[in-house]
Structure formats: structure tokens, C-alpha cells
Amino acid sequence: MESSPNYNNYTLDELFDVQNNIDSEQYPERAKEIELAISNKMNDPAAKAEMEKQQELDKYSTFGPRFWASILDGIVISVLSAILAYLGAQAGGGIQTTLGYIDTVQFAVYSVALHTLYGQTFGKMALDVKVVDHLSEKDISFKQAFLRDCVPVVMLILLLIASIFVPVDQAAEAPNWLIYAMMAFGISYFLWHLLEIITMLFNDKNRAMHDFIAGTVVIRT
């Protein structure tokens, strides 16, 4: 006869996993043993504290989902950019220029608006993660949504100003100081995103730099 495992040596996670996968009709006695072992573990303060700690860690373990959410958001923005580019090419003149400026700032508008309304972009909705207030874990305000994107917004404003003074068709005639300034802008933008990733990886709640600025945190929903 096959002996029954000693479920008292299992962790809570292992017990829940076994409980979800066991055929209780074929092994009714084992199912009862598992249920009893879970009950005993739940009444053990140390085991209960360990389970709550693991649940807390799982809630803030969002690096992977946020990465894929950013990919999905990039696809959405690319589609919108393609539509604006097509409409601009068809219209030409001032309308094309205006649509070009809209295209430049659309990601900031997309991110701030959706985070204010829902705490999620479309990418985050698909990956079941949400931005909430760091202390209360309630919905964030417009101010917090804006602060999360304040650095990219400032960089976009500088880019717009540069494009107004030196249109694309006159880029070859741009002064050296502006060329160096744009190079510094590109390097700064890269370093900012690198800093975001580093800060996200080295704290318990996976908070990126913009989360610290805005007082927010991303959780699984």
C-alpha cells in the first residue's frame, strides 16, 4: 500500500499547491490530512507570519509585468503615431506640423491621463498591475500621475522648444551648441531610464525613481 506523505513537514505554499492539485475523490483521506495540516499551519503564528510576508512580496513583485506592460504601451503609442503621421502627410502644411507636435507629447498625455483616471495604462491593465498611493494604496491623484512622468515631460518640452527654433528641414544648419545640447538630452534620457531600472531592482517594493518622486507604488491586482 502506498504510504501517505507527512504533510506536517510541508510549507503553507506547498500545502496549498497540493490541495489544489490532489484528486479528493480518489484520495479522500489525504485530502482531509492536507486540510488539517493547513489548519494547523494557519494557527501557527510563525507560519502565518511567513505566509503574510510572502503574500506581501508577491504583491509588489511587478518588475516583469511592468516590463511587458511598457512593451504593450509602446505598441499602442506606435499605432497612434502611425495614424498621426498618415493624417499629417495627407493634410500637409500647418496641420502636419501641429500633428507632429501632438505626436511628440502624446505618450506623456496618454500616461498621465490613464494613470489619473484608472491608475493603469492599457499595458498595465493587460498585465494586472496598478499604480497606487505608497502610503494608503488608494487611487493616485493627477498631481501624482504628473510627477511620475515629470522628468520625461520636461525633456519633451525641451525637445519641442528645440524643434520650434530649428525645424527638421533645417537640422543641417543647426549651431554646434544646439547639437551638443541635443546629444546631452539623449544621454540624460538614457541615464534616467537606467536609474529607473536600478532603483526598481534594489528595494522591497520594486519602486522606481518616479515612484519615489510621486509617492506611488505599483502592485499586482
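Being a predicted model, the structure only gives us computed values, none of them experimental. (Residues numbered from 1 in each chain as written. Predicted model: local features only at pLDDT ≥ 70, side-chain atom pairs only at ≥ 80, totals over all residues. Heavy atoms only, no water.)

## Details of the overall build of the protein
On a plain count of helices and strands, the protein comes out with 10 helices and 2 strands. Taken from the N to the C terminus, the helices and strands of the protein come in the order α-α-α-α-α-α-β-α-α-α-α-β. Relative to its length of 221 residues, the protein is extended, with a C-alpha radius of gyration of 25 Å against a globular reference of 17 Å. A buried classification covers 31% of the 221 residues belonging to the protein. The long-range fraction of contacts in the protein, counting pairs at least 24 apart against all pairs at least 6 apart in sequence, stands at 64%. The protein carries 15 positive and 26 negative side-chain charges, and their two centres are separated by 7 Å. (Helix = DSSP H or I, 4+ residues; strand = E, 2+ residues; numbered from the N terminus. Rg over C-alpha atoms; globule rule 2.2 N^0.38 Å. Buried < 20%, exposed > 50% of the residue type's maximum accessible area, 1.4 Å probe, protein only. Contact = heavy atoms within 4.5 Å. Lys, Arg positive; Asp, Glu negative; His and termini not counted. Charge placed at Lys NZ, Arg CZ, Asp CG, Glu CD.)

## A closer look at the layout of surface pockets
Put simply, the largest pocket is a space of about 890 Å³. Taken together, 29 residues make up the lining of the largest pocket; nearest its centre are Ser70, Phe107, His193, Glu196 and His210. At the level of secondary structure, the elements contributing two or more residues to the lining of the largest pocket comprise α4 (63–91), α5 (93–118), α8 (150–165) and α9 (176–201). Of the residues forming the lining of the largest pocket, the biggest block, 8 residues, is contributed by α4. (1 Å grid on protein atoms, 1.4 Å probe; cavity = no way out; pocket = protein on both sides within 12 Å on 5 of 7 lines; lining within 4 Å. Points joined across faces, edges and corners; volume = space filled by probe spheres on them.)

## Some remarks on the pattern of salt bridges
Under the definition given, this model contains 4 salt bridges. Between Glu137 and Lys59 there is a salt bridge; the shortest N-O distance is 3.0 Å. Note that Glu137 is positioned in the loop between β1 (129–133) and α7 (142–148) and Lys59 in helix α3 (residues 45–60), a separation of 78 residues in sequence. For Lys59, a relative accessible area of 25% corresponds to the partly exposed category. The partner of Arg148 in a salt bridge is Asp211, with the nearest N and O atoms 3.0 Å apart. Residue Arg148 is found in helix α7, and its partner Asp211 is found in helix α10 (residues 209–214); the two are separated by 63 residues along the sequence. Summarising the burial analysis for this pair, Arg148 and Asp211 share the class buried. Residues participating in the shared-partner salt-bridge network are Arg66, Arg148 and Asp211. (Salt bridge = Lys/Arg side-chain N within 4 Å of Asp/Glu carboxyl O.)

## Some points on the environment of Asp133
With respect to the secondary-structure elements, Asp133 resides in strand β1. Take Asp133: its relative accessible area is 18%, and that puts it in the buried class. Not counting residues within four places of it along the chain, the set of residues in contact with Asp133 comprises Lys138, Ile140, Gln144, Gly215, Thr216 and Val217. Of note is the side chain of Asp133, whose polar atom sits 2.9 Å from the backbone nitrogen of Ser136. A polar contact of 2.8 Å, which involves the side chain of Asp133, links it to the side chain of Gln144. (Polar contact = N/O pair within 3.5 Å; in protein donor to acceptor, adjacent residues only side chain to side chain.)

## Let's talk about the side chain of Gln120
Turning to its location among the elements, Gln120 is positioned in the loop between α5 and α6 (122–127). Assessed through its relative accessible area of 13%, Gln120 is described here as buried. Among the polar contacts listed, one links the side chain of Gln120 to the backbone oxygen of Val129, at a separation of 3.0 Å. The contacts of Gln120, once residues within four sequence positions are left out, are Leu114, His115, Met125, Val129 and Lys130.

## Quick word on the nonpolar core
With 7 residues, the main nonpolar core is built from Tyr7, Leu12, Leu15, Ile34, Ala37, Ile38 and Met51. At the level of elements, α1 (12–21) and α2 (28–42) are the ones that each hand at least two residues to this core. In terms of residues, this core owes the most to one element, α2, which gives 3 residues. Non-local contacts of Tyr7, meaning those with residues more than four positions away in its chain, are made with Leu15, Val18, Arg30, Glu33, Ile34 and Ala37. In terms of nonpolar packing, the next biggest core, distinct from the first, is built from 6 residues, Val129, Val131, Ile140 and Val218 among them. (Core = buried A, V, L, I, M, F, W, Y, C linked by side-chain atoms within 4.5 Å.)

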